[in-house]
Amino acid sequence: MSLLIDTHNHLDYPDFDAKRSVLLADCARLGVVRQVLIGVERSQWPQLWRVATAHSGLYAAPGLHPCYLHRHREDDLEALRAFCLERRADARLCALGEIGLDYYIEAPDKPRQAWFFEQQVRLAMELELPVLLHVRRAHAEVVKILKRLKPPRAGIAHAFSGSYEEAREYLRLGFKIGLGGAPTWPQAKRLQRVLPQLPLDAIVLETDAPDMPPAMHPDVRNSPAHLPAICAALAPLWQISAETLAATTTLNACAVFGWDPAQL
């Protein structure tokens, strides 16, 4: 059985409260051996940590999401630092995320977004953690900040849907490209042309569950149990088997988070 890592989901959300244990058993049966649960705002971090530490194979990446900017306060950054420092010795703290810039939302406060993003990248550098990026219509601005700060651990550009040139900028900075349900849809033709140009050692897989369902599960809540189907749908883009894509992306994810593949 191919082993898979879901590098980005929101399994701590209430959507999963009723059947989380059943879902995790399904994931284990399907070979989804590790999952990274993502933070979005300060009030959510305790639940994020409770879920991540209550089940094996789950990891946490707390952060301040740009789409929740209206809820963030400046002292949330110090709270994030304290939250992480308290758990620094725990391997289940694996990254900061999701952080970045979102210029797709209506009337974005670009300077304030950039300030929160930069401060979190600096914190990740202090803690020696990778960063998980959320970027919409702001790749040039994100890359500019990353080039200036040069985070040594890099991380993942989550839910990538940009151009080859934009992907190449992230690769030059040491980042991996996170792919989930979006490229599985027939209308994602531009992205489907971009992806085969990227080297396999640049790719990691994700679901972003409960959001961004793949084409083969269009009318249900997205789930980390859908990761094998996403892998099988994406593998033909590189003209390889699903098993090869699973093995390669699992090694790539381990490289991002500093995990030993032999311990999966």
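Computed from a predicted structure; not experimentally measured.

Trainee: Looking at this structure, I do not really get the UniProt feature "binding site: a divalent metal cation 1" (unreviewed entry) in the protein chain. What am I missing?
Mentor: UniProt records the feature "binding site: a divalent metal cation 1" (unreviewed entry) at His8, His10, Glu98 and Asp208, using the numbering of this structure. These annotated residues cover 201 residues of sequence, but their C-alpha atoms sit close together, with the largest distance between any two at 10.9 Å. As for the largest pocket, its lining draws on Asp208 from among the annotated residues. Inspection of the secondary structure puts His10 in the loop between strand 1 (4-9) and helix 1 (20-30). In this view, His10 contacts Phe16, Ile38, Val40, Glu98, Asp208, Ala209 and Pro210; residues no more than four positions away in its chain are not counted. A distance of 3.4 Å separates a polar atom in the side chain of His10 from a polar atom in the side chain of Glu98. Looking at the secondary structure, you find Glu98 in strand 4 (residues 96-102). Among the residues examined, Glu98 registers a relative accessible area of 2% and is labelled buried.

Trainee: Honestly, helix 2 (residues 45-54) in this entry has me stumped. Any pointers?
Mentor: An α-helical turn contains 3.6 residues, so any two residues separated by three or four positions project in the same direction. Residues Trp45, Leu48, Trp49, Val51 and Ala52 constitute the buried set of helix 2. Buried residues of helix 2, seen end-on, are gathered within an arc of 165 degrees and therefore sit on one face of the element. Of the exposed residues in helix 2, those oriented more than 90 degrees away from the buried face are Arg50 and Ala54. Where helix 2 is buried, its residues contact helix 1, strand 2 (32-38), strand 3 (58-61) and helix 3 (75-86).

Rules behind the numbers
- Per chain, residues are indexed from 1 in the order of the written sequence.
- At least 70 in pLDDT is required for a residue's local features to be given in this predicted model, at least 80 for side-chain atom pairs to be given and counted, and no such filter applies to totals for whole chains, interfaces and linings, which use all residues.
- Working from all heavy atoms in the structure, the side-chain values ignore hydrogens and water.
- UniProt positions are given in the numbering used here, feature names are shortened, and annotations may be inferred rather than shown by experiment.
- With a 1 Å grid spanning the protein atoms alone, the term cavity applies to any set of points in which a 1.4 Å probe fits but cannot get out, the term pocket to an open set with protein on both sides within 12 Å along at least five of seven lines, and the term lining residue to any residue with an atom within 4 Å of a point.
- Helix numbering and strand numbering both begin at the N terminus, where a helix is a DSSP run of H or I of at least 4 residues and a strand a DSSP run of E of at least 2.
- Any two residues whose heavy atoms approach within 4.5 Å are treated as being in contact.
- We define a polar contact as two N or O atoms separated by no more than 3.5 Å, with the added condition that, inside protein, one atom must be a possible hydrogen donor and the other a possible acceptor, whereas residues neighbouring each other in sequence contribute only through side-chain atom pairs.
- Here the term buried applies to any residue with accessible area under 20% of the maximum for its type, exposed to any over 50%, and partly exposed to those in between, with areas from a 1.4 Å probe on protein chains only.
- As used here, the arc belongs to the directions running from the helix axis to the C-beta atoms.

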